[in-house]
Amino acid sequence: MAVLVTGGAGYIGSHTVAELIERNEEVIVLDNLEKGHKEALLGGKLIQGDLRDKDFVKEVFLKNDIEAVIHFAAYIEVGESVANPLKYYNNNVVSTLNLLTAMKDAGVHKIVFSSTAATYGEPENTPILETDKTFPTNPYGETKLTVEKALKWSDGAYGLKHVILRYFNASGAHEGGKIGEDHDPESHLIPIILQVALGKRDEIKMFGDDYNTPDGTCVRDYIHVSDLAQAHVLALDKLRRENESSIYNLGNGKGFSVKEVVDVVRQITGKPIKAVVAPRRPGDPATLVASSEKVKKEMNWRPKYGGLAKIVETAWNWHKNHPNGYNDLV
Ligand code: UFG
């Protein structure tokens, strides 16, 4: 039986597919390739199609022997979600309802769901615990929280067992160097700084230096994408073993400011990297740092790339060899 990975051609999805393939799992990737790249697939069978198409989703479950689902497919841009919330509700919520309905109808009862630190909004504690209040400050986080709630109620009603993973800042690239981060447009901090290192941009704009943090710039918890991928496989194992629903944060438990990240990239790349202070980006909380004690304890999750330098090193390896992302492989 196969594991269906929606959004498997995307950044975190493709790294999880790589991990599953390494474990000899049978993998089916469902991706509309709007944002994903088929070159990012190191294995598995690709079915190209859109989760917003209810009949198509139903057919995927009818035609394939699916044991469990890992659900990544979604829009992920916080800023865009504020400008166009209905686009996000449609793709992140309606699509997921189609997926859950098709799973229920086909008798598939295991799902690992890709959620986000954005479900917490402005945190009440640092580090953030899974039990802390969730009050998203943007539609992106709200759509993910809406799905989390649909999962909870679907467990009660249909026995749909889930593991929800709330990621902090996914970053880095596969150690093998074949896959990495390629968003268009790119909005994430580390790839943007690396584009400056590559001479593709003149400078990095640091959004705000008047936050209540040690150096005034925002603090985030950066977690390597392969460590995230490993957590998805462990979550799948847990569902198989215990058949119980649960929810976990995924981060390294250590915060780095924007200025610190720029400095680490300067050290790793050996490039000067011009950084300028720009106005705050609306909706950015000052500090987001995870407590990941629960996932370590309950799933025996052991991140391999805890340090920011190692994360940046793998990202740099990908970006310098693929300055145009997957376009360099087409
Ligand atoms: N930043 C800059 N300049 C840039 C880009 C980012 O200063 O050009 C800053 C941001 O303001 C933020 C930090 O760098 O303080 C990290 O920004 P990212 O855009 O890389 O990541 P976010 O923390 O905004 O978002 C990430 C994920 C989201 C998720 C969120 C959860 O990308 O999908 O974490 O908090 F919702």
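Summarised in this report is the structure supplied together with it. (Residues numbered from 1 in each chain as written. Predicted model: local features only at pLDDT ≥ 70, side-chain atom pairs only at ≥ 80, totals over all residues. Heavy atoms only, no water.)

Overview of the environment of K144
Move 1: Within the secondary structure, K144 sits in helix α5 (residues 139-158).
Move 2: For the pair K144 and S114, spaced 30 residues apart in the sequence, the C-alpha separation amounts to 8.2 Å.
Move 3: Each residue touching K144, except ones within four places of it in the same chain, is listed here: F72, A74, F113, S114, S115, T116 and T119. (Helix = DSSP H or I, 4+ residues; strand = E, 2+ residues; numbered from the N terminus. Contact = heavy atoms within 4.5 Å.)

Some details on helix α4 (residues 85-106)
Move 1: Its 22 residues give α4 an end-to-end C-alpha distance of 31 Å, which sits within 8% of 32 Å, the value for a rise of 1.5 Å per residue.
Move 2: Here α4 has its buried residues at Y88, N91, N92, V93, S95, T96, N98, L99, L100, A102 and M103.
Move 3: Lining the buried residues of α4 we find β1 (2-6), α2 (54-63), β4 (66-71), α3 (78-83), β5 (110-116) and α5.
Move 4: One or two residues past the end of α4 sits G107, with phi positive at roughly 75°. (Expected span 1.5 Å × (residues − 1). Buried < 20%, exposed > 50% of the residue type's maximum accessible area, 1.4 Å probe, protein only.)

Structural notes on the site of the ligand
Move 1: Every one of the 22 residues lining the ligand counts as a neighbour, but H188, L189, K205, R281 and D284 are closest to it.
Move 2: Contacts to the ligand include F207, whose backbone N or O atom sits 2.9 Å from an oxygen atom.
Move 3: Looking at the shell around the ligand, the elements that each hand over two or more residues are α6 (189-197) and β8 (204-207).
Move 4: Broken down by element, the shell around the ligand gets its largest block of residues, four residues, from β8. (Near = heavy atom within 4 Å. Polar contact = N/O pair within 3.5 Å; in protein donor to acceptor, adjacent residues only side chain to side chain.)

Looking at the sheet that holds strand β9 (residues 219-220)
Strand pairs in the sheet, formed through backbone hydrogen bonds, run parallel or antiparallel to each other.
Move 1: Sheet architecture is open: three strands sit in the order β12-β9-β14, paired in mixed fashion. Two strands lie at the open edges of the sheet, namely β12 (256-257) and β14 (287-288), each paired on one side alone.
Move 2: As defined by bridge partners, β9 adjoins β12 across two bridges and the pair is classed as antiparallel. Paired with V219 across the bridge in β12 is S257. (Pairing = 2+ DSSP bridges.)

Brief notes about the packing of helix α8 (residues 258-269) against helix α10 (residues 308-321)
Move 1: One way to put it is that α8 packs onto α10 with a least axis distance of 10 Å and a crossing angle of 60°. Considering the angle they form, α8 stands oblique to α10. Of the two elements, α8 crosses α10, and the hand of that crossing is right-handed. Between α8 and α10, the residues in contact are V261, V264, V265, I268 and T269 and L308, A309, V312, E313 and W316, respectively. (Axes fitted to C-alpha atoms, helices over the stretch in contact; angles between N-to-C directions. Parallel < 35°, antiparallel > 145°, perpendicular 65-115°, else oblique. Left-handed = near helix turned anticlockwise from the far one by under 90°.)

Description of the nonpolar core
Move 1: Within the largest apolar cluster, 32 residues are counted, with the highest numbers of intra-cluster contacts made by L20, L165 and L250.
Move 2: Where this core is concerned, the elements lending two or more residues are β1, α1 (11-22), β2 (27-31), β4, β6 (161-167), α7 (225-242), β11 (246-250) and α9 (293-299).
Move 3: At eight residues, α7 tops the list of elements feeding residues into this core.
Move 4: Counting residues in hydrophobic clusters, the runner-up holds 26 residues, among them V196, M206, V261 and L308. (Core = buried A, V, L, I, M, F, W, Y, C linked by side-chain atoms within 4.5 Å.)

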